[in-house]
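Remarks on the overall topology
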Amino acid sequence: MDIDLRFFATFREAVGEKERTRTVADDTTVGDVLASLEAEYEGLEGQLLADGEVRPQLSVLKNGRNVVHMEGVDTTLEAGDVVSVFPPVAGG
């Protein structure tokens, strides 16, 4: 099945593009996708997961809803889902 991935700010720089479509297995979770991104892109290594969970400062959304309000890294994905990955935001 195909899902869409969207990257923002420094994560967009690490991946080299704003959006990408990825083909994944039917039983893929958000955690599976984040782990594969860390392995694939040197600039993302260690930036998305900590101790098997989404790093606390990040926002990872499935179809606009934060996965921490769902099943976290165990949130399952379906064909056509959009996963958006936002780095920590600072400023004032």
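Being a predicted model, the structure only gives us computed values, none of them experimental. (Residues numbered from 1 in each chain as written. Predicted model: local features only at pLDDT ≥ 70, side-chain atom pairs only at ≥ 80, totals over all residues. Heavy atoms only, no water.)

What follows covers the side chain of K62. Here K62 shows up in strand β5 (residues 59-62). Among the residues examined, K62 registers a relative accessible area of 11% and is labelled buried. Engagement of the side chain of K62 in a polar contact is seen with the backbone oxygen of T76, the distance being 2.8 Å. (Helix = DSSP H or I, 4+ residues; strand = E, 2+ residues; numbered from the N terminus. Buried < 20%, exposed > 50% of the residue type's maximum accessible area, 1.4 Å probe, protein only. Polar contact = N/O pair within 3.5 Å; in protein donor to acceptor, adjacent residues only side chain to side chain.)

Below, the discussion takes up the sheet that holds β5. Taken together, the 5 strands give an open sheet; going across it, the order is β2-β1-β7-β5-β6, and neighbouring strands pair in mixed fashion. The open sheet terminates on both sides in strands that have one partner only, identified here as β2 (19-23) and β6 (65-66). Summarising the sheet, strand β1 (residues 2-7) and β2 pair through 5 bridges and their orientation is antiparallel. Across the sheet, residue R6 finds its bridge partner in β2, namely E19. (Pairing = 2+ DSSP bridges.)

Further remarks concern the confidence of the model for the protein. Confidence along the protein averages 94 in pLDDT terms, with 97% of residues attaining 70 or more. Confidence, read as mean pLDDT per element, is least for helix α1 (residues 10-15) in the protein (94) and greatest for β1 (98). (pLDDT = per-residue confidence, 0-100.)

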